[in-house]
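Summary of the model geometry
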Amino acid sequence: MLIFAMIFHFLVDALCGSTMLGCVVEDLPEKAFELVMLYNALAFATQVFTGWLADKLKHDRWLWLASIVILVSGATGALKLPWLATVLLGLGNSLFHVSAGREVIRHYAHRGKGKACELGLFVAPGALGIGLGCMFPMELYMISLGGFFLAMSPFLWIWPLETPETEAVEKSESIDVQSLLAAAVMTFCVFCRAASGFCTEAPWKASTVLTILCFVLVMGGKMAGGLAGDRCGHWLTGIVALAVSWALFAFGGKNVVVGLSAQFIANLMMAITLYILVRLFPSSPGLMFGLAAAVLFPGSLMQMLPNHGFIFNVAYLLAAISFGIAWWLCHKRKSCS
């Protein structure tokens, strides 16, 4: 199941990025900014609602398939209607992430001791997919669209067993100050991590090869974060990643090697923050996944603020300090250890 989730995640983000920039915006170039903003708002901000809906319906596999139908419809049948295509792509993207993500969470983070590694493995391919899709829209449009049809055949033929709802999902956890504080801090950390891709120095963007390398390192960071957290402790890994990446961004971001290293280390946080959220509120895996995804959109908008570089550095430092405080307050809670 995880392999299919990873493949479809790459294809979903590659198809959305390539369709938006290679087809939709091309049809209505004078409305490019509005179309991209609408897509980002629907694809990310709505995941709180679609995640909540997935928790209520408890039919992840069928929502997963529905999302693919919506996405392919937006990428093919609605191409001559750019606004409709944008809506379908955004909503399909949102529904895919929470449905597939929810099943990965239930299968791995809620079973036994719970692991963060697989959460990172699921999310990571999306970073490469959206990066390549935006860089090479015409090529990735055909590749990702064809990949959908190739991947759907074995998926439907094999039809991996859907993970049953577990006791961890069904139970009602108690809500306390520590849990709410930790959840708020994790959300703020995700917000800052999203901003790091837009508000920091990016000297590698002048080179196609280095830009692709950056996408690969971001993907690698997301994969490595869960593994490091499972082995070294999730809170420890998170605070180290935050502190080191902040120092690299603040004092060496203009250097290509330092800047790329900072991106890799910052993205170690992805699996960590998601894992802590779903362990804090195990009965709401879809909502927690959606919450972590929803703040990516406002995080990307920090670049529009005046003096955004300074604001980012202050916010990122506050995130690291807040993460340490939340760790101290929650260290006795087994659910978020």
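Everything below is about the structure shown above.
Residues numbered from 1 in each chain as written. Predicted model: local features only at pLDDT ≥ 70, side-chain atom pairs only at ≥ 80, totals over all residues. Heavy atoms only, no water.

A word on the packing of helix α4 (residues 60-75) against helix α5 (residues 82-109)
Remark: α4 packs on α5, axes separated minimally by 8 Å, with the N-to-C direction vectors making an angle of 155°. Between α4 and α5, the angle falls in the class roughly antiparallel. The two elements α4 and α5 meet at a crossing, and its hand is left-handed. For the pair α4 and α5, contact is made by D60, R61, L63, W64, A66, S67, I70, L71, S73, G74 and A75 and by A85, L88, L89, G92, N93, L95, F96, S99, A100, R102, E103 and R106, respectively. (Axes fitted to C-alpha atoms, helices over the stretch in contact; angles between N-to-C directions. Helix = DSSP H or I, 4+ residues; strand = E, 2+ residues; numbered from the N terminus. Parallel < 35°, antiparallel > 145°, perpendicular 65-115°, else oblique. Left-handed = near helix turned anticlockwise from the far one by under 90°. Contact = heavy atoms within 4.5 Å.)

Some remarks on helix α2 (residues 32-45)
Every α-helical turn comprises 3.6 residues, leaving residues that sit three or four positions apart pointing alike. With 14 residues, α2 extends 19 Å between its outermost C-alpha atoms, agreeing within 8% with the 20 Å of an ideal straight helix rising 1.5 Å per residue. Within the span of α2, buried status applies to L35, Y39, N40, L42 and A43. (Expected span 1.5 Å × (residues − 1). Buried < 20%, exposed > 50% of the residue type's maximum accessible area, 1.4 Å probe, protein only.)

Things to note about the environment of Q303
If you trace the backbone, Q303 turns up in the loop between α15 (296-300) and α16 (308-330). The sequence separation of Q303 and F198 amounts to 105 residues, and the corresponding C-alpha distance is 5.9 Å. Ignoring sequence-local partners within four residues, the contact set of Q303 consists of F198, C199 and H308.

Structural notes on the packing of aromatic side chains
A ring pair, where both rings are aromatic, is described by two values, the distance of the centres and the angle of the planes. Counting across every chain of the model gives 12 aromatic pairs. For the pair F8 and F148, a centre-to-centre distance of 6.1 Å together with 35° between the ring planes defines the contact as tilted. One end of the pair, F8, is in helix α1 (residues 2-27); the other, F148, is in helix α7 (residues 137-158), with 140 residues separating them in the sequence. A single burial state applies to F8 and to F148, both of which are buried. Centroid distance F122 to F289: 6.2 Å. Interplanar angle 50°. Geometry classified as tilted. Here the residue F122 occupies a position in helix α6 (residues 117-135), and F289 occupies one in helix α14 (residues 285-294), the gap between them amounting to 167 residues. Residue F122 is classed as buried on the basis of its relative accessible area of 1%. Of the aromatic side chains, those joined through ring pairs into one cluster are F8, W64, F96, F122, F148 and F289. (Phe/Tyr/Trp six-rings, centres within 6.5 Å; stacked < 30°, edge-to-face > 60°.)

So far we have only geometry, and geometry alone does not tell us how the molecule works.
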